[in-house]
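# Structural overview
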Amino acid sequence: MTRRSTMLSRPTRAGTPTGPGRALIWLALTLVVGTVVGCTGSPAADPRESSATAATNSTATPDPDDPCLGPRSLVPANSCDPVQGDGPLLASPQSVSAQLKDPLLQRCQASIAGTELRDCVLGTTASPRETVALVGDSHAISLLRTFDELGKRRGWKVIVHGKGSCPSSDAVRTLPTEATPERRNACHAYNRAVDAALLADRSVTRIFATSYTARYGWLPLGGATGAAAGEKGFTTRFERWRRAGKQVVVIADVPTPKKGVSMPDCVAANPGPSDACTTPRAEAVVPDLAVTAARALGITVVDLTDLFCDDTTCYGLVGDTIVYRDTDHLAFEYAALLAPYLDERLG
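Residues numbered from 1 in each chain as written. Predicted model: local features only at pLDDT ≥ 70, side-chain atom pairs only at ≥ 80, totals over all residues. Heavy atoms only, no water.

Looking now at the overall build of the chain. On a plain count of helices and strands, the chain comes out with 12 helices and 13 strands. Put simply, 81% of the contacts in the chain that link residues at least 6 apart link residues at least 24 apart. Accessible area for the chain stands at about 14600 Å²; split by element, carbon and sulfur atoms hold 53% of it. (Helix = DSSP H or I, 4+ residues; strand = E, 2+ residues; numbered from the N terminus. Contact = heavy atoms within 4.5 Å. Areas by Shrake-Rupley, 256 points an atom, 1.4 Å probe, with all protein chains shown as cover.)

Laid out in structure tokens, this is it:
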């Protein structure tokens, strides 16, 4: 590999970036960074930060032509070295952490104990060419910026049905941290409501599903137990959607970083291209029951793992862009930069 051919810096050319795709992604990233910084203001410096760590808070305006920005750094043809980047960060660790309280998340993600559907619409809302839905748990919600950008590119209205710790399945999920059944029952009721809403809405032509399926246990379903029950729950749901004339697309879950490690904190504590914020690929890429079910049914699966990992390692910092806003949910900036790749792979 060679040194990064383009340092992340303020664009040097005059005028607006050429090409509708580059212009849209440039605008999306500028708005994401600007919104987060505007919301967080100037927080007091963390006394734990060394001078080197404080330097990590240096950020830059995105250059749409930088071949090593964000996930582009993992594209082999771009020859980006180091993968993590060697310029100022697209967004500081502090601003990325602050995304946990962003109003978009509050508006679009159903409460963990609730059953109500949220009014969350992204993408092209005026005279859309197509209406699609994004469903799943908080990992689906992680893709809000991806689907907002994708919807604008394709002229799609994107309806979002997402709830924390609630994969979109006919099976009842369990979590060892829950001592009572209230939350699992709320998830099951929410899933029934989502299913009914999607089946009743004839305008929805495609349903995109993704969830952190490896996190859950499952109550028995139709004679199946354990992981087999979970897979069966996805199978029956996907089949029902297809019978209703919906095209189903499953997005393989994103790799999971080291357990319990906040990626913004890790990047702040380890500035520069450090291996401290990486995870072996064999640990980060785990079995996905929704993918298994989809492939058995011949349903389209889109896998973006190569935009998080190389052959051996998955990264928490890629192309000067923090990948996760906490331990396993995507940062807005990285999610937005995934949109062109998802667009391309959908064909």
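Of all the positions in helix H11 (residues 289–297), only Leu289, Ala290, Val291, Ala293, Ala294 and Leu297 are classed as buried. Lining the buried residues of H11 we find strand S7 (217–218), helix H8 (226–243), strand S8 (247–251) and strand S10 (300–302). Its side-chain oxygen placed 3.0 Å from the backbone nitrogen of Ala290, Asp288 serves as the N-cap of H11. Where H11 ends, the next residue or the one after it, Gly298, has phi of about 75 degrees, a positive value. (Buried < 20%, exposed > 50% of the residue type's maximum accessible area, 1.4 Å probe, protein only. Polar contact = N/O pair within 3.5 Å; in protein donor to acceptor, adjacent residues only side chain to side chain.)

Moving on to the layout of surface pockets. Its boundaries defined by the atoms lining it, the largest pocket holds a volume of some 290 Å³. Lining the largest pocket are 15 residues, with Tyr212, Arg215, Thr256, Lys259 and Asp328 sitting closest to its centre. Residues of the lining of the largest pocket, tallied by class, amount to three nonpolar, seven polar and five charged. (1 Å grid on protein atoms, 1.4 Å probe; cavity = no way out; pocket = protein on both sides within 12 Å on 5 of 7 lines; lining within 4 Å. Points joined across faces, edges and corners; volume = space filled by probe spheres on them. Nonpolar A, V, L, I, M, F, W, Y, C, P; charged D, E, K, R; others polar.)

Now for the side chain of Ser73. Mapped onto the elements of the fold, Ser73 is located in the loop between helix H2 (51–55) and helix H3 (93–97). A distance of 2.8 Å separates a polar atom in the side chain of Ser73 from the backbone oxygen of Val83.

We now examine the packing of H8 against H11. With their axes 8 Å apart at the nearest point, H8 and H11 run at an angle of 50 degrees to one another. In terms of orientation, H8 lies oblique with respect to H11. Handedness of the crossing formed by H8 with H11: right-handed. Across from Ala227, Gly230, Glu231, Phe234, Thr235, Phe238, Glu239 and Arg242 in H8, the residues of H11 making contact are Leu289, Ala290, Thr292, Ala293, Ala294 and Leu297. Among the residues making up the contact of H8 with H11, the classes are represented as eight nonpolar, three polar and three charged. (Axes fitted to C-alpha atoms, helices over the stretch in contact; angles between N-to-C directions. Parallel < 35°, antiparallel > 145°, perpendicular 65-115°, else oblique. Left-handed = near helix turned anticlockwise from the far one by under 90°.)

Another point: unusual backbone geometry. In this model, Asp81 is joined to Pro82 through a cis peptide bond whose omega is 5 degrees. One can find Pro82 in the loop between H2 and H3. Even without being glycine, Ser165 reaches a positive phi, approximately 55 degrees.

This part takes up the pairing of strand S4 (residues 156–163). Extensive coverage of S4 is indicated by the burial of seven of its eight residues. Here strand S1 (residues 109–110) runs beside S4; their pairing, made up of two bridges, is parallel. Looking at S4, one finds that Gln109 is bridged to Gly162. Two strands pair when backbone bridges link them, and strand S3 (residues 130–136) and S4 are joined in this way by seven bridges, in the parallel orientation. (Pairing = 2+ DSSP bridges.)

Note that side chains of opposite charge can pair when their charged atoms are close. Applying the stated criterion across every chain, the model contains 11 salt bridges. Taking the shortest distance from any N to any O, the salt bridge between Glu116 and Arg118 comes out at 3.4 Å. Residue classification places Glu116 among the partly exposed positions, given a relative accessible area of 36%. The partner of Glu149 in a salt bridge is Arg153, and the shortest N-O contact between them spans 2.9 Å. A residue pair is termed a helical-turn pair when its members lie 3 or 4 positions apart in one helix, as Glu149 and Arg153 do in helix H6 (residues 144–154) at four residues. The exposure class of Arg153 is partly exposed, given its relative accessible area of 24%. (Salt bridge = Lys/Arg side-chain N within 4 Å of Asp/Glu carboxyl O.)

So, about the nonpolar core. Of all hydrophobic cores here, the largest spans 51 residues; its most connected members are Leu144, Phe147, Val158, Phe208, Phe308, Leu330 and Leu346. Looking at this core element by element, the count peaks at seven residues for helix H12 (residues 332–346). Formed by 31 residues, the second largest nonpolar core is a distinct cluster that contains Cys187, Ala229, Ala252 and Ile299. (Core = buried A, V, L, I, M, F, W, Y, C linked by side-chain atoms within 4.5 Å.)

Here Thr321 is to be found in strand S13 (residues 321–322). A relative accessible area of 1% places Thr321 in the buried class. Residues Thr321 and Ala331, 10 residues apart in the sequence, show an inter-C-alpha distance of 8.7 Å. If we skip the residues at most four places from it in the chain, Thr321 touches Leu69, Gly70, Leu90, Gly316, Glu333, Tyr334 and Leu337.

Moving on, we get to the packing of aromatic side chains. Overall, the coordinates contain eight aromatic pairs when judged by the stated rule. With a centroid separation of 5.1 Å and 65 degrees between ring planes, the pair formed by Phe147 and Phe208 is classed as edge-to-face. Here Phe147 is found in helix H6, whereas its partner Phe208 is found in strand S6 (residues 204–210), with 61 residues between them in sequence. When the ring of Phe238 is compared with that of Trp241, the centres are 5.9 Å apart and the planes differ by 40 degrees; the resulting orientation is tilted. Note that Phe238 and Trp241 are positioned in helix H8 at a spacing of three residues, about one turn of the helix. Note on Trp241: relative accessible area 0%, which makes it buried. One aromatic cluster in this structure is built from Tyr216, Trp218, Phe234, Phe238 and Trp241. Residue placement shows Arg145 over the ring face of Phe332; its charged tip is 4.4 Å from the ring centre. Stacked on the ring of Tyr190, the Lys or Arg Lys163 has its end atom at 5.8 Å from the ring centre. (Phe/Tyr/Trp six-rings, centres within 6.5 Å; stacked < 30°, edge-to-face > 60°. Lys NZ or Arg CZ within 6 Å of the ring centre and 35° of its normal.)

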